Amino acid sequence: MNKVNFISMEEGTAEEYAFLDKLETQYVEDLPSRLIAALKALESSLSGYQVSRLEHSLQGATRALLAEEDLEMVMAVLFHDIGDPLAPYSHSEMAAAILRPFVSEKIYWIIKHHGVFQMYYYAHYSGGDRNAREAFIDNPWYEEAVKFCHDYDQNCFDPNYESKSLDFFIPMVHEFFSRPKLDDPESLARFGKQ
(Lines give C-alpha, C1' and ligand atoms only; values in the text may rest on other atoms or scores of the structure.)
Protein backbone atom coordinates (compact mmCIF):
# COMPACT_ATOMS: atom_id res chain seq x y z
CA MET A 1 0.00 0.00 0.00
CA ASN A 2 1.39 3.41 -0.92
CA LYS A 3 -1.84 5.38 -0.38
CA VAL A 4 -5.06 4.85 1.52
CA ASN A 5 -8.26 4.16 -0.38
CA PHE A 6 -10.64 6.33 1.64
CA ILE A 7 -11.74 9.82 0.65
CA SER A 8 -13.48 10.51 3.96
CA MET A 9 -11.77 9.78 7.28
CA GLU A 10 -14.83 7.99 8.67
CA GLU A 11 -14.40 5.38 5.92
CA GLY A 12 -10.81 4.50 6.90
CA THR A 13 -9.87 1.03 8.10
CA ALA A 14 -7.59 -0.04 10.92
CA GLU A 15 -5.06 -1.23 8.31
CA GLU A 16 -5.09 2.16 6.58
CA TYR A 17 -4.65 4.05 9.82
CA ALA A 18 -1.77 1.76 10.85
CA PHE A 19 -0.15 2.56 7.49
CA LEU A 20 -0.67 6.31 8.04
CA ASP A 21 0.68 6.08 11.59
CA LYS A 22 3.89 4.55 10.25
CA LEU A 23 4.28 7.38 7.73
CA GLU A 24 3.46 9.98 10.40
CA THR A 25 6.11 8.54 12.71
CA GLN A 26 8.70 8.81 9.93
CA TYR A 27 7.60 12.38 9.21
CA VAL A 28 7.81 13.40 12.87
CA GLU A 29 11.29 11.88 13.17
CA ASP A 30 12.40 14.30 10.44
CA LEU A 31 11.19 17.36 12.38
CA PRO A 32 14.71 18.45 13.46
CA SER A 33 15.83 18.56 9.82
CA ARG A 34 12.83 20.68 8.81
CA LEU A 35 13.45 23.05 11.72
CA ILE A 36 17.10 23.42 10.73
CA ALA A 37 15.99 24.25 7.17
CA ALA A 38 13.62 26.88 8.59
CA LEU A 39 16.48 28.40 10.58
CA LYS A 40 18.64 28.53 7.45
CA ALA A 41 15.82 30.39 5.68
CA LEU A 42 16.12 33.16 8.30
CA GLU A 43 19.41 34.09 6.65
CA SER A 44 17.47 36.03 4.01
CA SER A 45 14.57 37.34 6.08
CA LEU A 46 13.92 40.81 7.42
CA SER A 47 16.48 43.21 5.97
CA GLY A 48 17.56 46.54 7.40
CA TYR A 49 19.40 45.26 10.45
CA GLN A 50 23.16 44.83 10.54
CA VAL A 51 22.71 41.08 10.94
CA SER A 52 20.30 38.55 9.47
CA ARG A 53 17.50 37.07 11.55
CA LEU A 54 19.52 33.82 11.59
CA GLU A 55 22.58 35.61 12.99
CA HIS A 56 20.32 37.34 15.54
CA SER A 57 19.06 33.94 16.66
CA LEU A 58 22.56 32.46 16.76
CA GLN A 59 23.80 35.40 18.84
CA GLY A 60 21.01 34.90 21.35
CA ALA A 61 21.54 31.15 21.56
CA THR A 62 25.30 31.63 21.96
CA ARG A 63 24.73 34.13 24.77
CA ALA A 64 22.34 31.71 26.48
CA LEU A 65 24.86 28.87 26.11
CA LEU A 66 27.69 30.99 27.52
CA ALA A 67 25.44 32.00 30.42
CA GLU A 68 25.10 28.27 31.14
CA GLU A 69 21.38 28.17 30.49
CA ASP A 70 19.90 24.70 30.07
CA LEU A 71 19.26 23.16 26.66
CA GLU A 72 15.57 24.09 26.83
CA MET A 73 16.41 27.79 27.10
CA VAL A 74 19.15 27.64 24.45
CA MET A 75 16.73 26.04 21.99
CA ALA A 76 13.97 28.50 22.91
CA VAL A 77 16.31 31.39 22.17
CA LEU A 78 17.52 29.81 18.94
CA PHE A 79 13.93 29.36 17.70
CA HIS A 80 12.22 32.41 19.24
CA ASP A 81 11.92 34.20 15.87
CA ILE A 82 11.29 31.15 13.67
CA GLY A 83 7.78 32.45 12.96
CA ASP A 84 8.89 35.75 11.42
CA PRO A 85 8.67 34.71 7.73
CA LEU A 86 5.17 33.22 7.90
CA ALA A 87 3.57 35.00 10.85
CA PRO A 88 4.88 38.57 10.96
CA TYR A 89 1.89 39.67 13.07
CA SER A 90 2.04 36.72 15.46
CA HIS A 91 5.56 35.32 15.20
CA SER A 92 5.84 34.84 18.96
CA GLU A 93 2.76 32.62 19.05
CA MET A 94 3.99 30.57 16.10
CA ALA A 95 7.40 30.00 17.69
CA ALA A 96 5.74 29.08 20.99
CA ALA A 97 3.45 26.59 19.23
CA ILE A 98 6.45 24.90 17.60
CA LEU A 99 8.28 24.70 20.92
CA ARG A 100 5.29 23.73 23.08
CA PRO A 101 5.63 19.93 23.02
CA PHE A 102 9.31 20.23 23.99
CA VAL A 103 9.44 22.94 26.65
CA SER A 104 8.03 23.77 30.07
CA GLU A 105 4.95 25.94 30.49
CA LYS A 106 7.26 28.76 31.64
CA ILE A 107 9.37 28.73 28.48
CA TYR A 108 6.26 28.34 26.32
CA TRP A 109 4.74 31.43 27.99
CA ILE A 110 7.91 33.49 27.65
CA ILE A 111 8.28 32.71 23.94
CA LYS A 112 4.57 33.25 23.30
CA HIS A 113 4.75 36.74 24.80
CA HIS A 114 8.31 37.81 23.97
CA GLY A 115 7.13 40.04 21.12
CA VAL A 116 5.16 42.22 23.52
CA PHE A 117 8.07 42.30 25.98
CA GLN A 118 10.53 43.18 23.20
CA MET A 119 8.39 46.22 22.31
CA TYR A 120 9.77 47.90 25.43
CA TYR A 121 12.90 48.71 23.46
CA TYR A 122 11.35 50.30 20.38
CA ALA A 123 7.56 50.76 20.40
CA HIS A 124 7.72 54.36 21.65
CA TYR A 125 9.68 55.30 18.51
CA SER A 126 6.93 54.08 16.20
CA GLY A 127 3.77 55.20 17.99
CA GLY A 128 3.35 52.06 20.11
CA ASP A 129 3.20 51.46 23.84
CA ARG A 130 6.58 50.41 25.14
CA ASN A 131 4.94 49.43 28.42
CA ALA A 132 2.42 47.02 26.87
CA ARG A 133 4.19 44.21 28.73
CA GLU A 134 2.78 45.59 31.98
CA ALA A 135 -0.51 43.87 31.10
CA PHE A 136 1.32 40.72 32.28
CA ILE A 137 2.94 42.17 35.40
CA ASP A 138 1.07 39.78 37.70
CA ASN A 139 2.23 36.70 35.81
CA PRO A 140 4.79 34.65 37.77
CA TRP A 141 7.07 34.59 34.69
CA TYR A 142 6.95 38.33 33.99
CA GLU A 143 10.49 39.05 35.26
CA GLU A 144 11.88 36.04 33.41
CA ALA A 145 10.33 37.32 30.16
CA VAL A 146 11.92 40.73 30.81
CA LYS A 147 15.27 38.98 31.36
CA PHE A 148 14.82 36.85 28.23
CA CYS A 149 14.37 39.91 26.03
CA HIS A 150 17.09 41.90 27.76
CA ASP A 151 19.74 39.17 27.74
CA TYR A 152 18.94 37.15 24.61
CA ASP A 153 16.93 39.29 22.19
CA GLN A 154 17.32 43.10 22.22
CA ASN A 155 21.13 42.92 22.39
CA CYS A 156 21.65 40.38 19.60
CA PHE A 157 22.06 42.59 16.54
CA ASP A 158 25.83 43.05 16.77
CA PRO A 159 27.73 42.37 13.52
CA ASN A 160 30.97 41.98 15.51
CA TYR A 161 29.68 39.38 17.98
CA GLU A 162 31.30 35.96 17.54
CA SER A 163 28.35 33.59 17.53
CA LYS A 164 28.55 29.85 17.43
CA SER A 165 27.63 28.61 13.95
CA LEU A 166 24.39 26.89 13.07
CA ASP A 167 26.44 23.74 12.51
CA PHE A 168 27.52 23.95 16.15
CA PHE A 169 23.86 23.90 17.27
CA ILE A 170 22.64 21.21 14.86
CA PRO A 171 23.41 18.24 17.17
CA MET A 172 21.55 20.03 19.98
CA VAL A 173 18.56 20.62 17.69
CA HIS A 174 18.45 16.92 16.78
CA GLU A 175 18.71 15.88 20.43
CA PHE A 176 16.16 18.37 21.73
CA PHE A 177 13.48 18.00 19.07
CA SER A 178 13.65 14.21 19.08
CA ARG A 179 11.91 13.85 22.44
CA PRO A 180 8.72 15.79 23.09
CA LYS A 181 7.55 16.03 26.68
CA LEU A 182 4.10 14.85 25.64
CA ASP A 183 2.45 16.48 28.62
CA ASP A 184 -0.10 18.65 26.84
CA PRO A 185 -3.43 17.19 25.68
CA GLU A 186 -2.91 18.00 21.99
CA SER A 187 0.43 16.20 21.84
CA LEU A 188 -0.92 13.28 23.84
CA ALA A 189 -3.88 12.88 21.49
CA ARG A 190 -1.72 13.18 18.37
CA PHE A 191 0.60 10.43 19.51
CA GLY A 192 -2.10 8.20 20.99
CA LYS A 193 -0.87 8.55 24.56
CA GLN A 194 -4.15 9.43 26.28
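What you see as residue numbers is a count from 1 along each chain, following the sequence as written. Only residues with pLDDT of at least 70 get local features here, since the model is predicted, and only at 80 or more are side-chain atom pairs given and counted; chain-wide, interface and lining totals rely on the full set of residues. To get the side-chain values, all heavy atoms of the structure are used, and hydrogens and water are removed first.

1. Focus: the pattern of salt bridges
In what follows, salt bridge is the name for a side-chain nitrogen of Lys or Arg lying within 4 Å of a carboxyl oxygen of Asp or Glu. What the rule picks out here adds up to seven salt bridges. Across the pair R53 and D81 runs a salt bridge, and its minimum N-O distance is 3.7 Å. Of this pair, R53 sits in helix α3 (residues 53-66) while D81 sits in the loop between α4 (71-79) and α5 (91-99), and the two are 28 residues apart along the sequence. A relative accessible area of 4% means that D81 is categorised as buried. For K147, the salt bridge identified is with E69, shortest N-O distance 3.8 Å. Pair noted here: K147 is in helix α7 (residues 142-152) and E69 is in the loop between α3 and α4, with a separation of 78 residues, a long-range link. For E69, a relative accessible area of 25% translates into the label partly exposed. A run of H or I in DSSP counts as a helix once it spans at least four residues, and a run of E counts as a strand once it spans at least two, with each numbered from the N terminus. Note on exposure labels: buried denotes an accessible area under 20% of the residue type's maximum, exposed denotes more than 50%, and partly exposed covers the range between, all computed with a 1.4 Å probe on protein chains only.

2. Points about α5
Two residues of an α-helix separated by three or four positions point the same way, owing to the 3.6 residues in each turn. Taken together, the buried positions of α5 are H91, S92, A95, A96 and L99. All buried residues of α5 lie within an arc of 135 degrees about the axis, which places them on one face of the element. The contact criterion used throughout is that any non-hydrogen atoms of two residues lie within 4.5 Å. Residues of α5 that are buried make contact with α4 and α6 (105-118). The directions from the helix axis to the C-beta atoms are what the arc is built from.

3. Structural notes on unusual backbone geometry
The backbone phi angle of E68 is positive, close to 60 degrees, even though this residue is not glycine. Within the secondary structure layout, E68 lies in the loop between α3 and α4.

4. Quick notes on the packing of α3 against α4
Interhelical geometry of α3 versus α4 gives an angle of 165 degrees and a closest axis separation of 7 Å. On the basis of the axis angle, α3 is roughly antiparallel to α4. Between α3 and α4 the crossing geometry is right-handed. From α3, S57, L58, G60, A61, A64 and L65 reach across to α4, where they touch V74, V77 and L78. Amino acids are sorted into nonpolar (Ala, Val, Leu, Ile, Met, Phe, Trp, Tyr, Cys and Pro), charged (Asp, Glu, Lys and Arg) and polar (every other residue, Gly among them). A breakdown of the residues in the contact of α3 with α4 according to their chemical character gives seven nonpolar, two polar and no charged. What counts as an axis is a line fitted to C-alpha atoms, over the stretch in contact for a helix, and the angles between N-to-C directions run from 0 to 180 degrees. The scheme is simple: roughly parallel for angles under 35 degrees, roughly antiparallel for over 145, roughly perpendicular for 65 to 115, oblique for anything else. Should the near helix be turned anticlockwise from the far one by less than a right angle, the crossing is left-handed, and should it be turned clockwise, the crossing is right-handed.

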